[in-house]
Amino acid sequence: MTRLSPRNALRRAAGLLAAAGLLAVVPLAGAAAQARADEPPVFTLGGPAETGLQPYRAGGGPKPSRLGITVTAPSGEEGTGFAGRFTLTFDLSGVAGVADVAFDGAASGTETSDGGASGAGASGGGTAPDCEVTGAKAVCVGTGVRPGTHPVAALVVTAAAGGERGDSGTITVTGEAEGAAFTPFTTRVTVGGPDLVMEELPFRTELVPGDRQQAPITFANRGAGDAEGVLLTLRYTRGLDIPQRYSNCRYSEDDPDPSGVGRTTALCTVEGAFEAGEAYTLATPLTIEATERAYRDTFLYRIEEAGPPRPAPAAFERGDGAVLRAVPVTGPQNRAAGRTADPTPHDNQREADFRTENTADFAAYGDRVSGVRGATVTADVGFRNVGPAWIGHLRSGEDVAVVDFTVPRGASVVAKPDRCRAVTAAGEYREDQRSPAPRYLCPTSPAVHDGEGLDLPFALRIEEVLIGAEGEVTVRAPSARNPALPFDPAPANNTARLVLNAGGDGDGGPSTPPTSNPGPDASPSGAPATSAPGGGAAGASGGSDSGTGSGHGGGLASTGSDALTVAGAAAVALTAGLALVAAARRRTGRHS
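The following refers to the structure shown. (Residues numbered from 1 in each chain as written. Predicted model: local features only at pLDDT ≥ 70, side-chain atom pairs only at ≥ 80, totals over all residues. Heavy atoms only, no water.)

## Observations regarding the nonpolar core
Phase 1 of the analysis: If you look at the biggest cluster of nonpolar residues, it comprises 39 residues, and the most contacted ones within it are Phe362, Tyr440, Leu456, Phe458, Leu460 and Phe487.
Phase 2 of the analysis: Counting residues per element, the ones that place at least two in this core are strand 28 (360–365), strand 30 (376–388), strand 32 (402–406), strand 33 (411–415), strand 35 (439–443), strand 37 (453–462), strand 38 (469–476) and strand 39 (495–500).
Phase 3 of the analysis: Per element, the largest residue contribution to this core is 5 residues, and it comes from strand 37.
Phase 4 of the analysis: Apart from the residues within four sequence positions on either side, leucine 456 is in contact with Tyr365, Ala379, Asp380, Val381, Gly382, Val403, Pro417, Arg419, Cys420 and Cys442.
Phase 5 of the analysis: Listed in part, the 35 residues of the second largest apolar core include Leu196, Met198, Phe274 and Phe299. (Core = buried A, V, L, I, M, F, W, Y, C linked by side-chain atoms within 4.5 Å. Buried < 20%, exposed > 50% of the residue type's maximum accessible area, 1.4 Å probe, protein only. Helix = DSSP H or I, 4+ residues; strand = E, 2+ residues; numbered from the N terminus. Contact = heavy atoms within 4.5 Å.)

See the structure below:
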């Protein structure tokens, strides 16, 4: 008998689709992709709109300011980066007599409030550019640009000798490369600009759910010039909340980042003239609340000059409450005159870590599937965080947990989720990741949200029909030596079973993902609920075919789930075909 695999199933399905004319759109899609490939990529140069310089001091010289230039290349399906050489040209004539410019190729980027980078280091994914300044012109040559936004050049700018406060000028950056285009960028430097410094708040950091405390955010302008408006950035993780929603703030609820942590961000533009040497605080302190899902959370608060109006990202929505205002701090501590500006940007923001006494119940679920010998079935296993807390390893970035799956006797794995790696029966490293293994370890991401978890479809080939053969599904800590989950108060439901050909009384434990607080028609992740029926028809999958993952705690990895679905369908067709052949043989025997 020919072995049924997802690849063979896809080939057969493709043949059927082609016969039906359903693959006729592929050449059109290929032509569109080729048309995009023939167009040269366009890269956008960027950086801060304006940079303030400490005035030149006779005998001591000025302190330098850093000006980082970035390059943004298309990402996703539209971008593949650029591997060739490129040249950046800096026109410095606009700052003659205002500022002196040098380049620092070893500088490192610094995160800004909108997730971009200031400062610079290596080029946008390739070799760090070599820069040379000649008079009022500088030329940098580099190689390679990755998709996304990356630092591409670092300028060290100081006020020129003899300059005066208020002197200002511009630097323009252009780029060129064979097979690519660059959008130019112009930035302004001003002698005697503002230097905003955020003061650290004395938060209570050991909390219980429901705790509230005030955040009287206070900042000072320690520069040599006034700031015309400020931008206050607030960013806090899933377990925290700020109930106020101000009309001069834009909010992005639970905005996910690459680590899967997910943060709410508020960008608040506060109007006014914030004078040099003065300190300011919010007219009404913010309220920080530890919600019922709090566990390990962070709160970032940052201040910077507002600059020219910037378009709001599509994901942000404006608040509908009162206007957030900042007022001068009263008392002798207000004056900051005589203090020099700090050229490093780290004092623009502060960050607080909170530990909330809370728990999260990780509940494993198994499945029950049936099939004849040689059939391929899909088993859905995994776990859910029933809550109430979300769990995130914010600082270490380590995985929160791992799903440990032992394959039942009489079956072999023919397709697995990409996040899962094959190990030996004892859980040790296994070099061969292609052939079926007796056991698989599937890590989560560094964050698992309440109501979410991992959905893991495995395609199993029935090698031998053993009634009630069982495999084990366990959600545990990443370390096998210390498997207990320290936040989980109910370890008894950390393990479930996968049962093959269970018969009438077989029980694989929970065969549907546990739920926390979703509605009756929704899964914990908000997608339509699916169940895992037990004991399906011979050769068919007995588990649910999850087409979507569960979001920030991992969810369904990119595993080729379509291939698993097609494989299951092909198994049904194969079983039906075998039944027809057997029936034909019986009829032939009766008539012979």
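Read on, since the account is not over.
## Comments concerning the state of the cysteines
Phase 1 of the analysis: Counted by the stated rule, this structure contains 3 disulfides.
Phase 2 of the analysis: At a sulfur-sulfur separation of 2.0 Å, the disulfide partner of cysteine 249 is cysteine 268. What sets the handedness of the cysteine 249 and cysteine 268 disulfide is the S-S torsion sign, and at about 110° it is right-handed. Of the two residues, cysteine 249 sits in strand 20 (residues 249–255) while cysteine 268 sits in strand 21 (residues 263–274), which places them 19 residues apart along the sequence.
Phase 3 of the analysis: Taking relative accessible area as the criterion, cysteine 249 reaches 0% and is therefore assigned buried.
Phase 4 of the analysis: Given the relative accessible area of 1%, cysteine 268 is considered buried.
Phase 5 of the analysis: The partner cysteine of cysteine 420 in its disulfide is cysteine 442, sulfur to sulfur 2.0 Å. One disulfide, between cysteine 420 and cysteine 442, carries an S-S torsion of 110° and so falls in the right-handed class. (Disulfide = S-S within 2.5 Å.)

## Looking at the pairing of strand 18 (residues 227–237)
Phase 1 of the analysis: Counted residue by residue, strand 18 has 10 buried out of 11 residues, so it is predominantly covered.
Phase 2 of the analysis: Sheet analysis places strand 18 next to strand 21, joined by 10 bridges and oriented antiparallel. Within strand 21, the position partnered with glutamate 228 by the bridge is alanine 273.
Phase 3 of the analysis: Pairing geometry for strand 18 and strand 24 (residues 296–305), over 7 bridges, is antiparallel. Within the sheet, the bridge partner assigned to arginine 235 lies in strand 24 and is leucine 300. (Pairing = 2+ DSSP bridges.)

## Some points on the packing of aromatic side chains
Phase 1 of the analysis: Considering all chains together, one arrives at 17 aromatic pairs under this definition.
Phase 2 of the analysis: Residues phenylalanine 203 and phenylalanine 354 carry aromatic rings whose centres are separated by 5.5 Å and whose planes lie at 70° to one another, so their mutual orientation is edge-to-face. Note that phenylalanine 203 is positioned in the loop between strand 14 (196–198) and strand 15 (206–207) and phenylalanine 354 in strand 27 (residues 349–356), a separation of 151 residues in sequence. In this structure, phenylalanine 203 and phenylalanine 354 share a single accessibility class: buried.
Phase 3 of the analysis: Note on tyrosine 236 and phenylalanine 299: the rings are 6.5 Å apart at their centroids and 55° apart in plane angle, and the pair reads as tilted. Taken as a pair, tyrosine 236 in strand 18 and phenylalanine 299 in strand 24 lie far apart in primary sequence, 63 residues in all. Grouping residues by exposure puts tyrosine 236 and phenylalanine 299 together as buried.
Phase 4 of the analysis: Joined through ring pairs, the aromatic side chains of Phe203, Tyr236, Phe299, Tyr301 and Phe354 make up one cluster.
Phase 5 of the analysis: For arginine 245, the ring lying beneath its charged end belongs to tyrosine 251, and the centroid distance is 4.6 Å.
Phase 6 of the analysis: The ring of tyrosine 295 has arginine 296 lying over it, and the distance from NZ or CZ to the ring centre is 4.1 Å. (Phe/Tyr/Trp six-rings, centres within 6.5 Å; stacked < 30°, edge-to-face > 60°. Lys NZ or Arg CZ within 6 Å of the ring centre and 35° of its normal.)

## Remarks on the environment of threonine 205
Phase 1 of the analysis: Within the secondary structure, threonine 205 sits in the loop between strand 14 and strand 15.
Phase 2 of the analysis: Threonine 205 sits in the partly exposed class, given a relative accessible area of 31%.
Phase 3 of the analysis: Measuring from C-alpha to C-alpha, the distance between threonine 205 and arginine 355 comes to 6.0 Å, with 150 residues separating the pair along the chain.

## Section: the sheet that holds strand 17 (residues 218–221)
Phase 1 of the analysis: Spatially, 14-17-22-26 is the arrangement adopted by the 4 strands of the open sheet, whose pairing is antiparallel. Taken across any chain shown, the strands that pair with only one partner, and hence form the sheet edges, are strand 14 and strand 26 (326–328). Taking each pair of neighbouring strands and ignoring which way they run, the sheet shows an average axis angle of 30°.
Phase 2 of the analysis: Bridge count between strand 17 and strand 22 (residues 279–282): 3 bridges; the pairing is antiparallel. Counted as the bridge partner of phenylalanine 219 is tyrosine 280 from strand 22. (Axes fitted to C-alpha atoms, helices over the stretch in contact; angles between N-to-C directions.)

## Remarks on the environment of proline 513
Phase 1 of the analysis: Inspection of the secondary structure puts proline 513 in the loop between strand 39 and helix 3 (561–591).
Phase 2 of the analysis: By relative accessible area, which is 17% here, proline 513 ends up buried.
Phase 3 of the analysis: Spatially, the C-alpha atom of proline 513 lies 9.4 Å from that of aspartate 380, the residues being 133 residues apart in sequence.

Functional significance is not addressed by these values, which are geometric in nature.
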